[in-house]
2 protein chains.
Amino acid sequence: MANSRAEQMVARLRDMQVASAGIVASALVSVDGLIIASALPSDVEEDRVSAMSAAMLSLGERIALELGRGSLEEVYIRGEHGYVLLTSVGSDAVLTALAQVEAKRGLIFLEMRRAADDLAEMLE
Amino acid sequence: MANSRAEQMVARLRDMQVASAGIVASALVSVDGLIIASALPSDVEEDRVSAMSAAMLSLGERIALELGRGSLEEVYIRGEHGYVLLTSVGSDAVLTALAQVEAKRGLIFLEMRRAADDLAEMLE
């Protein structure tokens, strides 16, 4: 029996985390801030990730447009202890990942972009 | 006669733009959203850059803390037509740069970090 679409999306998130060592948590969030699928460790609250993702997406879109950078594609926030990365998934969702400070950003963005393409197809 | 501190800061921003081909505009903005110094082309409004910088800084700090990434160090937003990059300057200001889409991000962050260190000293 085929897995449900939700299970397939979670599996795709887990594959991404395996492919790019350094991602410790990831979630697919709708533009209005609801979790579609997630692969989060127990110490990361789903509600917090979805709320922050939606807020960042909204402000990021506004900044990119107001400062003449066109429509939003990627955001990355570096803190002292690691990264938060967001990439758009079609026009209705965003893929958010948390990564450790020693992670290779180039690799992470590459794997996120690949996962985002696959997830966009699953959402269609 | 020595240049004023404001002139020195603008000169430092211009040097950064020369050192990292791809930065088309830059500004040093206080955490409350006031321009301290800027090197902007005529089609980029100072008020818009300062408002967006302060909004991004505020949300970026909140996201980094809420998602356990520690205090905010850098933000980058990629749009279809280019980047907006922010890096903290001491605890009271942020350096914002607009870059073209073909710009080399690694080089830009390196030059921004160097400029931020110099600007932090000038602000002391």
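Residues numbered from 1 in each chain as written. Chains lettered and ligands numbered in written order. Predicted model: local features only at pLDDT ≥ 70, side-chain atom pairs only at ≥ 80, totals over all residues. Heavy atoms only, no water.

## Observations concerning the overall build of chain A
- Check the secondary structure of chain A and you find three helices and five strands.
- Taken from N to C terminus, the helices and strands of chain A fall in the order α-β-β-α-β-β-β-α.
- For 124 residues, the compact-globule estimate of 2.2 N^0.38 gives 14 Å, and chain A sits close to it at 14 Å.
- Its C-alpha atoms put chain A at 50 × 35 × 25 Å along the principal axes.
- For chain A, with 124 residues in total, the buried portion stands at 51%.
- Within chain A, counting contacts between residues at least 6 apart in sequence, those at least 24 apart form 50% of the total.
- Element-wise, carbon and sulfur atoms account for 49% of the exposed surface of chain A, whose accessible area totals about 5800 Å².
- Positive and negative charge centroids in chain A, built from 11 and 19 side chains respectively, lie 6 Å apart. (Helix = DSSP H or I, 4+ residues; strand = E, 2+ residues; numbered from the N terminus. Rg over C-alpha atoms; globule rule 2.2 N^0.38 Å. Buried < 20%, exposed > 50% of the residue type's maximum accessible area, 1.4 Å probe, protein only. Contact = heavy atoms within 4.5 Å. Areas by Shrake-Rupley, 256 points an atom, 1.4 Å probe, with all protein chains shown as cover. Lys, Arg positive; Asp, Glu negative; His and termini not counted. Charge placed at Lys NZ, Arg CZ, Asp CG, Glu CD.)

## A word on the sheet that holds strand β5 (residues 93-100) of chain B
- Strand order in this open sheet of 10 strands is β2(A)-β1(A)-β5(A)-β4(A)-β3(A)-β3(B)-β4(B)-β5(B)-β1(B)-β2(B), and the pairing throughout is antiparallel. The sheet is open, and its two edges are formed by β2 (35-39) of chain A together with β2 (35-39) of chain B, each paired on a single side. Neighbour to neighbour, the strand axes of the sheet diverge by 10° on average, direction disregarded.
- When strand β4 (residues 82-89) of chain A meets strand β5 (residues 93-100) of chain A, the two strands line up antiparallel, connected through eight bridges. Bridge pairing in β5(A) places Thr87(A) opposite Leu95(A).
- Packing of helix α2 (residues 46-66) of chain A onto the sheet brings it into contact with β1 (23-30), β2, β3 (72-79), β4 and β5 of chain A together with β3 (72-79) and β4 (82-89) of chain B, and relative to β3(A) it is tilted by some 120°.
- Contacts between helix α2 (residues 46-66) of chain B and the sheet are confined to β3 and β4 of chain A together with β1 (23-30), β2, β3, β4 and β5 of chain B, with β3(B) contributing the most and set at about 120° to the helix. (Pairing = 2+ DSSP bridges. Axes fitted to C-alpha atoms, helices over the stretch in contact; angles between N-to-C directions.)

## Re the environment of Ala115(A)
Residue and element names in this part refer to chain A.
- Locating Ala-115 in the fold gives a position in helix α3 (residues 105-123).
- Along the primary structure Ala-115 and Ala-93 are separated by 22 residues, whereas in three dimensions their C-alpha atoms are 13 Å apart.
- Among all residues touching Ala-115, those that are not within four sequence positions of it are Arg-12, Met-16 and Leu-95.

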